[in-house]
Amino acid sequence: WQPHLLPSWPFVPALAAILFIAHALIVSADADRKLIAHYPTYFDVAWEQGVQFALTAIFVGVFWALLWLGAGLFELLKIDFLAQLFRHYWFWIPATTLAVAVAIHVTDARVGLVRGTRLLALTLLSLLLPLLTLLVIGFFAAIGVKGLEPLWNTRHASALLIFATAITLVLINATYEDGATDRQGAAPLR
């Protein structure tokens, strides 16, 4: 019998989302030196941290891909030391922590890189909003025709609907940005 020490997998992304939101709220309030910051500050901080998180995840993924590539090369020579090493907790936890720390440091030091990536991500995401809007309108029209019975029969419709709502909010936020009128996009997006 082994005790269950780690949290369940559904809890991990929920906790990550809660911590991300709390951190963005605290950093924004600190930046404005107020208990409740202005919306443009919330927008700027949250998207900057989101881009940093994405770039960090990509960096860590590439880091481990390179390590496993090296292990694979050595395994061609019947040397499996690296593959065995990478499986130990005492190696992969500090190695991943180091890679995360390096990625966060670089993205903090290169603010222009993060802002450029954020601008590109916001532009691309805002272009997806009309597509999602059409899909949601079509979904509501289909509900009008088919009724709610097919939703009740799935037993998982609420999770998908909540996820669709969250994606819709992210795309609206990417399009609206911080609300400045000089940056508003094309008429269909507005």
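Everything quoted here is computed from the prediction, not taken from an experiment.

Calculation rules
- Residues numbered from 1 in each chain as written.
- Predicted model: local features only at pLDDT ≥ 70, side-chain atom pairs only at ≥ 80, totals over all residues.
- Heavy atoms only, no water.
- Phe/Tyr/Trp six-rings, centres within 6.5 Å; stacked < 30°, edge-to-face > 60°.
- Buried < 20%, exposed > 50% of the residue type's maximum accessible area, 1.4 Å probe, protein only.
- 1 Å grid on protein atoms, 1.4 Å probe; cavity = no way out; pocket = protein on both sides within 12 Å on 5 of 7 lines; lining within 4 Å.
- Points joined across faces, edges and corners; volume = space filled by probe spheres on them.
- Helix = DSSP H or I, 4+ residues; strand = E, 2+ residues; numbered from the N terminus.
- Nonpolar A, V, L, I, M, F, W, Y, C, P; charged D, E, K, R; others polar.
- Salt bridge = Lys/Arg side-chain N within 4 Å of Asp/Glu carboxyl O.

A. View of the packing of aromatic side chains. Considering all chains together, one arrives at 9 aromatic pairs under this definition. Taking the centre distance of 5.7 Å and the plane angle of 80 degrees together, the rings of Phe 63 and Trp 64 count as edge-to-face. When its relative accessible area of 14% is taken as the criterion, Trp 64 is described as buried. When the ring of Phe 139 is compared with that of Phe 140, the centres are 5.9 Å apart and the planes differ by 55 degrees; the resulting orientation is tilted. By relative accessible area, Phe 139 is classed as partly exposed at 32%. With relative accessibility at 55%, the residue Phe 140 sits in the exposed group. Site record: aromatic cluster; members linked through ring pairs are Phe 63, Trp 64, Trp 68, Phe 86 and Phe 91.

B. Spatial organisation of the layout of surface pockets. Each pocket or cavity is described by its volume, and for the largest pocket that value is around 1,200 Å³. Where the lining of the largest pocket is concerned, the elements lending two or more residues are α1 (11-32), α2 (39-76), α4 (89-109) and α7 (157-176). Considering each element in turn, the lining of the largest pocket owes the most residues, 10 residues, to α1. Residue classes in the lining of the largest pocket are distributed as 23 nonpolar, 7 polar and no charged. Considered as a void within the structure, the second largest pocket measures approximately 280 Å³ in volume. In this structure, the second largest pocket is lined by 14 residues; those nearest its centre are Val 136, Phe 139, Leu 160, Leu 161 and Ala 164. The biggest single contributor to the lining of the second largest pocket is α7, with 6 residues. For the lining of the second largest pocket, the per-class residue count stands at 10 nonpolar, 4 polar and no charged.

C. The arrangement of the pattern of salt bridges in detail. Considering all chains together, one arrives at 2 salt bridges under this definition. Arg 115 is the partner of Asp 44 in a salt bridge, and the nearest nitrogen-oxygen pair spans 3.3 Å. Of the two residues, Asp 44 is situated in helix α2 and Arg 115 in helix α5 (residues 111-146); the sequence distance between them amounts to 71 residues. For Asp 44, a relative accessible area of 22% corresponds to the partly exposed category.

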